[in-house]
Structures are given as structure tokens and as C-alpha cells.
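What follows is the residue order along each chain.
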Amino acid sequence: MLYTSTRDKSIRVTASQAIAQGISEEGGLFVPVELPQFSIDKISSMVSMSYIDRAKTVLKEFLTDFTDEELDYCVEGAYSAEKFSSPKIAPTVNISGNKNILELWHGPTCAFKDMALQLLPYLMTVSAKKTADGKTIVILVATSGDTGKAALEGFKNVEHTKILVFYPVDGVSPMQKLQMTTQEGENVAVCAINGNFDDAQSAVKSIFTNAEIKSQLAEKNMMFSSANSINWGRLVPQIVYYFSTYCDMLDMGKIKAGEEINVVVPTGNFGNILAGYYAKQMGLPIKTLICASNSNNVLTDFLKTGTYDKNRDFYTTTSPSMDILISSNLERLLYHMSGENDTLVADLMSKLSTGGKYTVSSELLEKIQKTFDAGYTSEESVDSTIKAHFDNYKYLCDTHTAVAVKVYDDYVKSTGDDIPTVIDSTASPYKFSASVLSAVMDGKSPELDEFEMVDELNNVTGVDVPKPLASLKDKEIRFSDVCNKEDMSRMVFKLLDL
């Protein structure tokens, strides 16, 4: 299995090169040259497997320069029982009828990013030994809330790595901020920026491709890599849980082998739903991938009209991990859907960079719409969805999951397409206690601090508080730096003590 770049398809690198490097030299994203194919018989044979064995079955098709022993080391280390609160790792829960929730938040930071970021440090360590000549890898991360903590937790004290995380100062929940600023580890650093996630992400990409900065790092025997989903090593583990949930649906008797399902994903950076697209292209029977957006509905507009336009109002919502206007992984979809037209992709990304918008052809849009549908929802509807689902089913979902649930309900009403469906649940409700408590109590929640909110939500709902969040209460704040987006490169050198 070799990988190429979305902006230069003459490039060929191994999996370990793609993972260690993170992003291609000219700014493109690494993608597989071809996708492995899974028959229904092969998928059915995975039903009796543990999540670890399902992961090995999928990942070995992509990581062909990893030995069996290296893959075992990575997967078994990532998904060990002490790290995940559910023995199924990512359990599928039936809510009612054909509506099922894929819970991706049972890891150490209580967000779906753990599914990839518990594995990525292992993949990175093995890849670096193969390709990086003993260099220290500097992991540079922009986060809208969940990636930051999950990456910090995954990479803390990993040898020959340093990790620097930048987050929007007013763009994460109090619990997300506390998770990052109290992070333990000798090789970690965290800094807030005056700006939003897109500002942080754009600055990180600029730093990655800055020849002068890379040269200065090389003099210190260091190199950059990424833990954001622009890194293939972040994306490939997410393909696994779509195969796993299909196997769980078979095991639960909700579907028969070969029967199609729909998948609904709350997404801002397009990585989570793109992993579902890869699974579909590999043979997993997915009919439609439904992209769910909050008020920052740039992806919904694109999937409906073919025009991607980031020149719009930016909203700070109760689902902050989706408060994104530049969806990096859409580039990968455009590459595949356009027949691997790297010239077109480079042109579209240039237009996005210079003018903030681009429009694809009607033929390309029509092709995309055969696989994807999309919808968005308001803040008020998020609150009412959380309350309705708790009142009707005693199922408590966080704000991001509620976006997906509401978009799915609207989709069924408008299309009548109510085949068995999996909705991605991306975070524990306790990561957004104030918003969830207010929704459950119909806006009548009392004025409390963050941990009083957690206790009150537990009192009102009876839903267990995840131990990793409860343990934050008495942790010391370690990081309080704030910088402007223009100063991020200088802050990188400061945090690295260079």
C-alpha cells in the first residue's frame, strides 16, 4: 500500500512516511493510491472478533510496511482495557427502531478523538524509527476542543516526541479548557490564541510548510508532524469503527449481512465522515452518509450547492468542536471524487486560500450527492433534542450528538429513508455539562461552577460521571499562555525552548 498527495499524484510514499511526515511538502494531504476491498463474507467473519482484532484486520491492509508484531504492539497498546471504560471500546446502542448510536467517547478523554489519538502515538513511534533517522518529532496541533486533549493524553511522555497544542481562547467549553491546561507530561505544552479554530489551523498549516522554520528545527534534529486529521495516521483508525459498528448491528440482529445502513456524522473538519466514505468504498454496505452541521453550516451549503464559501459569519455555539469554517479533509474527498485530479484540487485549494471560496462543477457535485446528504440545525433545536431524547428514551447525549440526531430526524421526515441507521456520538455529555443541564432542565438550570454543574447533571439524570472528568476537579493549572495568531510561530520556538 502506497500513498500519494492530493496536490501531486506523482508522489509515492509508504504508510510510515506519510504518518511521520504528516503533510506533503507542497501542502497536499496523503491518500491511499488504492483502497483494499472487503467482501460481505470477510465483514461477517469479523462479527465474533473483539474490537482489537477488528482493528488489526482493517489496519493491516493500510499499514503494509508494519510487521505483524509492530501492528500488534500498536493496536493492543492503544485499545487496552485500562484506557477504555467499555469492554466493546466503541459500543453501538439501539435507541428505538432503526435509530442506533455509536458511542465513540469511552476513552481516556471522553471524546471520539481517543479512537484515533490513542493509536497515533504508537503508529508515529514505529513510523519514526523507520523513516525519521532518530529525529525528535514535534507534534503541532490546532484544536477546536477535543483533539487537543486527546493528542496531549496520547503523546504525553512518549520518547522522542514533543507536542504543542493551540486552542481558541473563547472557543472551547470550560471542561475542554481544563482538560488541556492541567495536562501532565514532560513533553507537552499548551497555548490559547486570540482567534477561532480556523485561525489556529491556518497558522499551523503555514508553519508546517515554512522552509525557514523547518530548517531551524532540522538544525536541532527535530521535524514537524501533525496529530490533526490532516495526518493519515489520525484518519485510518477511524475507518475501523464503521466496520465495527456494522458488525455490532449484525450481532444485535438489527440487520442481515449485506443489508445497507445509513450513517450520520456531526462534523466540522470532515475527517470523521470521510472515514465512513473510505469504509463504504472498501465494501461496507453504507447507503448514504449524512453530514450534520451546527450554525456554522459551511459543509451543508457545499454539499447542497457545490459552492464552498468560508466568507460568512462565524458562530460560537454549544457544539464548539464543530465551530469550523475551513474543513481540511474535504480536500481528500474532492481528490477521490474528481477522478484523482490533483491539478483541480490544487486550484480549488488555492482559490480557498486567496479568496475564501470555490465552486465545483455540476458533474462533480452530482457525483458527491449520490453518496452524501447534509443538514444543519439551530442552537434551540439542539437543546430540545437533548431534552426530548432524555425524556423519551432516558438517553443523554451531548450537544454535538444532538446536532446529528436532529439532522437525522429531519432527514427521515423529508426523505422517508428510515433504514437502519448509525449516528455517531462524539463526546460524553459531561464535557458540556452547562449546555446539557440547561437543555434537560428546559433552560431553568441554576448558576453553578463547572463541577457543581457536573454534580447537578448527575443528580438530575442519574447518568454516571466519567472518571477522567471527575478527576480534573483538584488538578493544578499548568498552562496559561495566550498569543495572537500572527505570533504562533514565535510561540512554537518559545514552547520548545529554542
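Rules used in this analysis
- Residues numbered from 1 in each chain as written.
- Predicted model: local features only at pLDDT ≥ 70, side-chain atom pairs only at ≥ 80, totals over all residues.
- Heavy atoms only, no water.
- Helix = DSSP H or I, 4+ residues; strand = E, 2+ residues; numbered from the N terminus.
- Rg over C-alpha atoms; globule rule 2.2 N^0.38 Å.
- Buried < 20%, exposed > 50% of the residue type's maximum accessible area, 1.4 Å probe, protein only.
- Contact = heavy atoms within 4.5 Å.
- Areas by Shrake-Rupley, 256 points an atom, 1.4 Å probe, with all protein chains shown as cover.
- Pairing = 2+ DSSP bridges.
- Axes fitted to C-alpha atoms, helices over the stretch in contact; angles between N-to-C directions.
- Parallel < 35°, antiparallel > 145°, perpendicular 65-115°, else oblique.
- Left-handed = near helix turned anticlockwise from the far one by under 90°.
- Polar contact = N/O pair within 3.5 Å; in protein donor to acceptor, adjacent residues only side chain to side chain.
- Lys, Arg positive; Asp, Glu negative; His and termini not counted.
- Salt bridge = Lys/Arg side-chain N within 4 Å of Asp/Glu carboxyl O.

A.B. asks: Please give an account of the overall build of the protein that cites residues and values.
C.D. replies: Tallying secondary structure elements over the protein gives 22 helices and 16 strands in all. Since a compact globule built from 498 residues should have a radius of gyration of about 23 Å, the 21 Å found for the protein is in line with a globular shape. Principal-axis analysis of the C-alpha atoms places the extent of the protein at approximately 60 × 50 × 45 Å. Out of the 498 residues belonging to the protein, those deemed buried represent 60%. Taking as baseline every contact in the protein between residues at least 6 positions apart, the subset at least 24 positions apart corresponds to 75%. As displayed, the protein has an accessible area near 18,300 Å², and 46% of this comes from carbon and sulfur atoms.

A.B. asks: Requested: an account of the pairing of strand β9 (residues 222–226), with residues and values cited.
C.D. replies: Counting buried positions along β9 gives four out of five residues, so the element sits mostly inside the fold. Relative to β9, strand β6 (residues 136–142) is paired through five bridges, and the arrangement is parallel. Its bridge partner lying in β9, T136 is registered against M222.

A.B. asks: Can you explain the sheet that holds strand β8 (residues 188–194)? Please cite residues and give values.
C.D. replies: With parallel pairing, five strands are arranged side by side in an open sheet as β9-β6-β7-β8-β16. Of all strands in the sheet, those bounded by a partner on one side alone are β9 and β16 (482–484). This sheet shows a mean twist of 30 degrees between the axes of neighbouring strands, independent of strand direction. Sitting on the sheet, helix α9 (residues 197–208) is in contact with β6, β7 (161–168), β8 and β9, with an inclination near 150 degrees to β6.

A.B. asks: Describe the environment of V405, with residues and values.
C.D. replies: Looking at the secondary structure, you find V405 in helix α18 (residues 399–415). Along the backbone, V405 and V382 are 23 residues apart, and their C-alpha atoms lie at a distance of 8.8 Å. Residues in contact with V405, not counting those within four places in the same chain, are K99, I101, T385, H389 and I423.

A.B. asks: Give a detailed account of the packing of helix α11 (residues 232–251) against helix α12 (residues 271–281), specifying residues and quantitative values.
C.D. replies: Angle between the axes and distance between the axes: these two values describe a pair of packed helices. With their axes 8 Å apart at the nearest point, α11 and α12 run at an angle of 60 degrees to one another. Accordingly, the angle class assigned to the pair α11 and α12 is oblique. Seen from above, α11 lies across α12 with right-handed handedness. Side by side, α11 and α12 meet where W232, L235, Q238, I239, Y241, Y242 and F243 of the first sit next to G271, N272, I273, L274, A275, G276, Y278 and A279 of the second.

A.B. asks: So what's going on with the packing of helix α8 (residues 174–181) against helix α20 (residues 450–461)? Residues and values would help.
C.D. replies: Viewed as axis vectors pointing N to C, α8 and α20 meet at an angle of 120 degrees, and their least axial separation amounts to 10 Å. Comparing the axis directions of α8 and α20 gives the class oblique. Judged by the twist between their axes, the crossing of α8 over α20 is left-handed. On the side of α8, the interface is formed by P174, M175 and L178, while α20 contributes E450, F451 and V454.

A.B. asks: Lay out the environment of L71 in plain terms, naming residues and giving numbers.
C.D. replies: Here L71 lies in helix α4 (residues 68–78). Once the C-alpha coordinates of L71 and Y122 are considered, the two residues, 51 residues apart in sequence, prove to be 9.1 Å apart. The residues contacting L71, other than those within four sequence positions of it, are K56, L59, K60 and L63.

A.B. asks: With reference to specific residues and values, describe the sheet that holds strand β10 (residues 261–266).
C.D. replies: What the six strands build is an open sheet, ordered β4-β5-β15-β10-β11-β14; its pairing is mixed. A strand with exactly one partner marks an edge of an open sheet, and here the two such strands are β4 (92–96) and β14 (372–376). The mean inter-strand angle of the sheet, taken between neighbouring strand axes irrespective of direction, is 25 degrees. Note that β10 and strand β11 (residues 286–293) share five bridges and pair parallel. Following the sheet pairing, I261 is matched in β11 by I286.

A.B. asks: I'd love a proper account of the environment of R54, names of residues and values included.
C.D. replies: Looking at the secondary structure, you find R54 in helix α3 (residues 51–59). Using a relative accessible area of 5% as the deciding quantity, one classes R54 as buried. It is 8.6 Å that separates the C-alpha atoms of R54 and Y241, two residues lying 187 residues apart in sequence. Excluding residues that lie within four positions of it along the chain, R54 makes contacts with M46, V47, M49, V240, S244, C247 and D248. In terms of polar contacts, R54 uses its side chain to reach the side chain of D248, at 3.0 Å.

A.B. asks: Quick one: what's the story with unusual backbone geometry, residue by residue and with numbers?
C.D. replies: Of note, I89 is a non-glycine position whose phi angle comes to about 70 degrees, a positive value. If you trace the backbone, I89 turns up in the loop between α4 and β4. On the basis of relative accessibility, which here comes to 5%, the residue I89 falls in the buried class.

A.B. asks: Run through the side chain of D398, naming residues and quoting values.
C.D. replies: Structurally, the position occupied by D398 is in the loop between α17 (379–393) and α18. One buried charged residue, D398, remains without a salt bridge, the closest side chain of opposite sign being K431 at 8.8 Å. There is a polar contact of 2.8 Å between the side chain of D398 and the side chain of H400. A polar contact is formed between the side chain of D398 and the side chain of T401, at a distance of 2.5 Å.

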